[in-house]
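Now for the letters of each chain:
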Amino acid sequence: MSTTSAVRTPAASPIATPLVTAGVKTVSLLVGVALLALLVYYFIGVDEGATSVFGKSMVIHEFFHDGRHLLGFPCH
């Protein structure tokens, strides 16, 4: 008589992530996105060339010039 034995493998269980760790990741992601959004807003909407943080250069202003008008920011 032959006997077969079934090999049982343990069921996969999800990895529990503590809420604190998930919250820190979420907050750091939100802060990073907010800083990036403020930086983009500065370059497109605020930088006028003469009042630029990067000196009295019009390079950044001219680079975003058409985008400024497309988005409705006045610059003249």
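Residues numbered from 1 in each chain as written. Predicted model: local features only at pLDDT ≥ 70, side-chain atom pairs only at ≥ 80, totals over all residues. Heavy atoms only, no water.

Peer 1: Quick question: what am I supposed to make of the overall build of the protein chain here?
Peer 2: From N to C terminus, the protein chain includes 3 helices and 0 strands. Ordering the α and β elements of the protein chain from the N terminus gives α-α-α. Residues counted as buried form 14% of the 76 residues belonging to the protein chain. Across the protein chain, the fraction of contacts at a sequence separation of at least 24, relative to all contacts at a separation of at least 6, is 18%. Looking at the protein chain as shown, the accessible area adds up to about 6600 Å², and 72% of this sits on carbon and sulfur atoms. (Helix = DSSP H or I, 4+ residues; strand = E, 2+ residues; numbered from the N terminus. Buried < 20%, exposed > 50% of the residue type's maximum accessible area, 1.4 Å probe, protein only. Contact = heavy atoms within 4.5 Å. Areas by Shrake-Rupley, 256 points an atom, 1.4 Å probe, with all protein chains shown as cover.)

Peer 1: Where do I start with a nonpolar patch on the surface in this structure?
Peer 2: Together, V27, V31, L35 and L38 give the surface a local cluster of nonpolar side chains, amounting to about 390 Å² of exposed area. Within the fold, L38 resides in helix α1 (residues 19-46). Given a relative accessible area of 55%, L38 falls into the exposed group. (Patch = residues over 30% accessible without salt bridge, like charges linked within 9 Å, V, L, I, M, F, W, Y side chains within 5 Å. Salt bridge = Lys/Arg side-chain N within 4 Å of Asp/Glu carboxyl O.)

Peer 1: Honestly, the environment of F64 in this entry has me stumped. Any pointers?
Peer 2: As for its position among the elements, F64 is in the loop between α2 (59-63) and α3 (65-71). Assessed through its relative accessible area of 25%, F64 is described here as partly exposed. Distance in space between the C-alpha atoms of F64 and G45 is 8.9 Å, their sequence separation being 19 residues. Once residues lying within four places of it in the same chain are set aside, the contact partners of F64 are F43 and I44.

Peer 1: Where do I start with the confidence of the model for the protein chain in this structure?
Peer 2: Regions with low pLDDT should not have their predicted coordinates read in detail. When pLDDT is averaged across the protein chain, the result is 78; 75% of the residues are at 70 or more. Taken element by element, the protein chain is modelled with least confidence in α2, mean pLDDT 77, and with most confidence in α1, mean pLDDT 86. (pLDDT = per-residue confidence, 0-100.)

Peer 1: Honestly, the side chain of R68 in this entry has me stumped. Any pointers?
Peer 2: With respect to the helices, strands and loops of the structure, R68 is situated in helix α3. Classification of R68 as buried rests on a relative accessible area of 0%. Once residues within four sequence positions are removed from consideration, R68 is found in contact with I44, G45, V46, D47, E48, H61, F73, P74 and C75.

Peer 1: Hey, could you run me through the side chain of H65 in this one?
Peer 2: Structurally, the position occupied by H65 is in helix α3. Under the relative-accessibility criterion, H65 is labelled buried at 14%. At a separation of 3.2 Å, a polar atom in the side chain of H65 contacts the side chain of H69. (Polar contact = N/O pair within 3.5 Å; in protein donor to acceptor, adjacent residues only side chain to side chain.)

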